[in-house]
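Structure assessment
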Amino acid sequence: MFLKTLLHDFRLALIQLHVSAVKSENLQRACGLVREASAKGAKVVALPECFNSPYGTQYFKEYAEKIPGESTKKLSEVAKECSIYLVGGSIPEEDGGKLYNTCAVFGPDGAMLAKHRKVHLFDINVPGKIQFKESETLSPGNSFSMFDTRCQLLIYPGAFNLTTGPAHWELLQRGRAVDNQVYVAAVSPARDEKASYVAWGHSTVVNPWGEVIAKAGAEETVLYTDIDLKKLAEIRQQIPILSQKRCDLYGIEMKK
């Protein structure tokens with residue numbers, strides 16, 4: 001997600017939040033770290049997946065709320081207070097008797113720019129290691145969520161685990177960065193070894209050349225990166241894959 005008003009370099013902050021079982025504490029700490037990131041010059045701030053709730057199928061119904069609701073109201077207020085773009089990780093959303101894993105994005109005026117319901121739910125069954133199915137309780141989103149952007153930075157709030165994290169976390173980010181010649185940032189919850197689902201952590205930023213330029217450990221932290229859009233433009237000039245697309249042979253169709 002990249003907003004058109006940010007035309008040059010800017011500071012990105014990824015908040016690798018330690019998520020507790022108390023929603024009010026999660027909201028208070030998240031907003032406090034957003035303010036801290038803003039005070040250190042961040043213009044775009046991102047929270048992790050399921051930042052207001054423990055990540056687990058047994059928790060989604062209990063912590064779910066409407067949008068707008070308690071959590072998104074707090075995010076809107078702090079985005080406006082700090083005059084930043086805020087990618088609100090995700091929260092369990094309830095709507096019409098269904099539950100969704102939903103990300104809301106806010107602009108510097110506090111307006112909600114987009115609401116995206118996770119389309120591809122995460123199900124995994126690796127015998128002897130991990131079994132987890134979002135689809136047991138969540139419904140998939142059924143539409144794209146778009147707003148006026150100039151795509152130079154992809155932000156993924158994600159909660160990979162101790163099986164998929166070491167295998168795929170960095171690999172997927174570097175692949176998407178090179179494929180699309182963009183910066184890629186993935187923001188994870190902090191690791192909690194006592195949780196029923198243990199997140200990998202290691203929030204990461206990758207540049208358009210596929211190089212890891214910032215990476216957190218497993219603990220709660222705020223990861224800062226200065227995004228250099230001149231470097232992105234240089235890479236796109238050096239390897240002009242965007243201008244070499246064969247739209248006469250293939251294309252992307254949006255069905256809804």
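Heads up: the structure comes first, above all this text.
Below or above, wherever it landed, is the structure these notes cover. Starting from 1, residues in each chain are numbered consecutively following that chain's sequence as written. Residue-level local features of this predicted model are given only where pLDDT is at least 70; pairs of side-chain atoms are given and counted only at 80 or more, and the full residue set underlies all totals for whole chains, interfaces and linings. Calculated side-chain values reflect all of the structure's heavy atoms, with hydrogen atoms and water omitted.

Right, let's get into the overall build of the chain. The helix and strand tally for the chain stands at 5 helices and 13 strands. Computed over the C-alpha atoms, the radius of gyration of the chain is 18 Å, within 12% of the 18 Å expected from 2.2 N^0.38 for a compact globule of 256 residues. With the C-alpha coordinates of the chain rotated into their principal frame, the extents come out at 50 × 45 × 35 Å. Within the chain, buried positions represent 48% of all 256 residues. Working rule for contacts: check all heavy atoms of both residues, and any pair within 4.5 Å makes them a contact. Sequence separation of 24 or more characterises 69% of the internal contacts of the chain that already satisfy a separation of 6 or more. Roughly 12,900 Å² of accessible area belongs to the chain as shown, and the carbon and sulfur atoms make up 53% of that amount. Positive and negative side-chain charges of the chain, numbering 31 and 29 respectively, have mean locations separated by a distance of 3 Å. In this text, helices come from DSSP runs of H or I with a minimum length of four residues, and strands from runs of E with a minimum of two, each type numbered from the N-terminal end. Every radius of gyration here is taken over C-alpha atoms, with the globule rule written as 2.2 Å times N^0.38, N being the number of residues. When a residue's accessible area, from a 1.4 Å probe over protein chains only, is under 20% of the maximum for its type it is buried; when over 50% it is exposed; and in between it is partly exposed. Methods summary: accessible areas were calculated by the Shrake-Rupley approach with a probe of 1.4 Å, and residue burial reflects only the protein chains presented. The charge count treats Lys and Arg as positive and Asp and Glu as negative. His and the chain ends do not count. Charge placement uses NZ in Lys and CZ in Arg. For Asp and Glu, CG and CD serve respectively.

For Lys 23, the location among the structural elements is in helix H1 (residues 23–39). Here Lys 23 falls in the buried class, since its relative accessible area comes to 16%. The contacts of Lys 23, once residues within four sequence positions are left out, are Asn 52, Tyr 63, Glu 65, Glu 70 and Ser 71.

Moving on, we come to the sheet that holds strand E9 (residues 153–157). Here, a strand pair is defined by DSSP locating no fewer than two bridges between the strands. Taken in spatial order, the 4 strands make up an open sheet running E9-E10-E11-E12, and their pairing is mixed. Where the open sheet ends on each side, the last strands, each with one partner, are E9 and strand E12 (212–215). When strand polarity is set aside, the average angle formed by the axes of neighbouring strands in this sheet is 10°. Pairing of E9 with strand E10 (residues 183–187), which is carried by 5 bridges, proceeds in the parallel orientation. Of the residues in E10, the one forming a bridge with Ile 155 is Ala 185. Along the sheet, helix H4 (residues 164–180) contacts E9, E10, strand E11 (204–206) and E12; its crossing angle with E10, the most-contacted strand, is approximately 155°. Lines are fitted to the C-alpha atoms to define the axes, a helix being fitted only along its stretch in contact, and any angle between axes, read from their N-to-C directions, falls within 0 to 180 degrees.

Given 3.6 residues to a turn, an α-helix orients residues that are three or four positions apart in the same direction. Given a helix with a known number of residues, its expected span is that number minus one, times 1.5 Å. Here helix H3 (residues 70–82) spans 19 Å end to end across 13 residues, near enough to the 18 Å set by a 1.5 Å rise per residue. Within H3, the full set of buried residues consists of Ser 71, Thr 72, Leu 75, Ser 76, Val 78, Ala 79 and Cys 82. Following H3 by one or two positions, Ser 83 adopts a phi angle in the positive range, close to 55°.

The next point concerns unusual backbone geometry. The bulk of non-glycine residues show a negative phi, and the bulk of peptide bonds are trans. The omega torsion of the bond from Ile 67 to Pro 68 falls at 0°, within 30 degrees of zero and hence cis. Assignment of secondary structure puts Pro 68 in the loop between helix H2 (57–63) and H3. The backbone of Cys 50 shows a phi angle near 55°, a positive value even though the residue is not glycine. For Cys 50, the position within the fold is in the loop between strand E2 (42–46) and H2.

Right, let's talk about H1 for a bit. Its 17 residues place the ends of H1 24 Å apart at the C-alpha level, agreeing with the 24 Å of an ideal helix rising 1.5 Å per residue. Of all the residues in H1, the buried ones are Lys 23, Asn 26, Leu 27, Ala 30, Cys 31, Leu 33, Val 34 and Ala 37. Mapping the buried residues of H1 onto a view down its axis gives an arc of 165°, with all of them on the same face. The exposed residues of H1 that point more than 90 degrees off its buried face are Gln 28 and Ala 39. Looking at the buried side of H1, the elements it contacts are strand E1 (10–16), E2, H2, H3, strand E3 (85–87) and strand E13 (221–227). A positive phi of about 100° marks Gly 41, the residue just after H1. Note that the arc is computed from the directions linking the helix axis to the C-beta atoms.

Here the focus is the pairing of E12. The pairing of E11 with E12 spans 3 bridges and is classified as antiparallel. The residue bridging Val 206 from the neighbouring strand is Val 212, located in E12. Hairpin geometry of E11 and E12 is characterised by an intervening segment of 5 residues between the two adjacent antiparallel strands and by a positive phi of about 90° at Gly 210.

Before going further, it helps to spend a moment on the pattern of salt bridges. What counts as a salt bridge is simple: a side-chain nitrogen of Lys or Arg found within 4 Å of a carboxyl oxygen of Asp or Glu. Tallying each qualifying case throughout the model produces 19 salt bridges. Residue Glu 94 pairs with Lys 66 through a salt bridge whose shortest N-O separation is 2.8 Å. Remark: Lys 66 occurs in the loop between H2 and H3 and Glu 94 occurs in strand E4 (residues 91–95); sequence separation between them is 28 residues. In this structure, Arg 117 and Asp 95 form a salt bridge, with 2.9 Å as the shortest nitrogen-oxygen distance. Taken as a pair, Arg 117 in strand E6 (residues 112–117) and Asp 95 in strand E4 lie far apart in primary sequence, 22 residues in all. Here Arg 117 falls in the buried class, since its relative accessible area comes to 18%.

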